[in-house]
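Summary of the model geometry
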Amino acid sequence: MRIRDMNWSQVEARVAGDDRCVLPIGSVEQHAYLSLATDMILAEKVSVEAAEPLGVPVYPCLPFGMASSFAAYPGTISITLRSYIGVIEDILDSLHRGGFRRILIVNGHGGNTPVNPLLSEWMNRHPDSSVKLHDWWRAPATMAKVLETDAQASHASWMENFPWTRIEGAPIPNTVKQRIDFAAVGRVDALRKRERIGEGNYHGRFQRPDDEMAAIWQVAVEETRREIAEGWH
Ligand SMILES: [Zn+2]
């Protein structure tokens, strides 16, 4: 259930019997020919579909994340590490104040994983709580399904190309991108990163058939649902 479809007293009543909630976090950053909002679209959609049969509230996705690597691509927004940690901490404090004690953060962007030490510190200050960071696309079952489909998969490649991340009217090449030189990209600033990455795909095809994507999506929803249902405290 989306939190936007609840009022505060319904939340108050719900947490009295079930203190779980889901917070999707994403990024607005270049995704080659796909939507700039790909990471937030996918994190929120997988969360909503996973939580639906359980009735667990899902917050709107925190759209912006840490995307400094893509700062030279127009449309990208990057929150600094310093600010991001503060925002996540404020959100966790708010959720805790509202009665939530089991919080699943569904992350759609690899660049956001530096929040992990914060979560560890935050739980030390809130030992009554359990917080999990679920990188939905590289959780074991989902990544196994991706690799079984096509081992060449990466940021902005086919693996993020779903009907709900495509841009109407934006053509997508039917080619295979050669793997970028990750070390060469890692050691330079955003403008030179852009020159070395090109259109934005790190490696692999740009698209695969919809039935293959639907099969991956189903695994991802089920795996995310298990994270909401099990493995707390
Ligand atoms: Zn992405």
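To be clear, the structure that these remarks concern was listed above.
Figured I'd write up the structure that's included with this text. Treat the numbers as computed from the prediction; the structure is a model and nothing was measured.

Thoughts on the side chain of Thr76
As for its placement among the helices and strands, Thr76 is situated in the loop between α2 (38–51) and α3 (81–97). Assessed through its relative accessible area of 15%, Thr76 is described here as buried. Polar contacts involving the side chain of Thr76 include one to the main-chain amide nitrogen of Gln30, which spans 3.2 Å. Within the local environment of Thr76, its side chain forms a polar contact with the backbone oxygen of Tyr73, the two atoms lying 3.1 Å apart. Those residues in contact with Thr76 that lie beyond four places of it in its chain are Val28, Glu29, Gln30, Leu36, Ala67, Phe70 and Ala71.

Regarding α3
Helix length check: α3, at 17 residues, gives a terminal C-alpha distance of 24 Å against a target of 24 Å (1.5 Å per residue), a fit within 8%. Taken residue by residue, α3 has Tyr84, Ile88, Leu92, Leu95 and His96 as its buried positions. When α3 is viewed along its axis, its buried side chains cluster within an angular range of 105 degrees and face the same direction. Residues of α3 that are exposed and angled more than 90 degrees away from the buried face: Arg82 and Arg97.

Some remarks on the state of the cysteines
For the structure shown, the criterion picks out zero disulfides. Residue Cys21 stays outside any disulfide, its sulfur separated by 14 Å from that of Cys61, the closest cysteine.

Observations concerning the pattern of salt bridges
Where side chains of opposite charge bring their charged atoms close, a pairing between them can arise. Inspection of every chain in the model, using the stated rule, returns 16 salt bridges. With a shortest N-O distance of 2.6 Å, Arg166 and Asp210 are connected by a salt bridge. Placement of the pair is Arg166 in the loop between α5 (140–149) and β4 (176–177) and Asp210 in helix α8 (residues 210–229), with a sequence separation of 44 residues. For Arg166, a relative accessible area of 31% gives the class partly exposed.

The rules we used
- Residues numbered from 1 in each chain as written.
- Predicted model: local features only at pLDDT ≥ 70, side-chain atom pairs only at ≥ 80, totals over all residues.
- Heavy atoms only, no water.
- Helix = DSSP H or I, 4+ residues; strand = E, 2+ residues; numbered from the N terminus.
- Buried < 20%, exposed > 50% of the residue type's maximum accessible area, 1.4 Å probe, protein only.
- Polar contact = N/O pair within 3.5 Å; in protein donor to acceptor, adjacent residues only side chain to side chain.
- Contact = heavy atoms within 4.5 Å.
- Expected span 1.5 Å × (residues − 1).
- Arc of directions from axis to C-beta.
- Disulfide = S-S within 2.5 Å.
- Salt bridge = Lys/Arg side-chain N within 4 Å of Asp/Glu carboxyl O.

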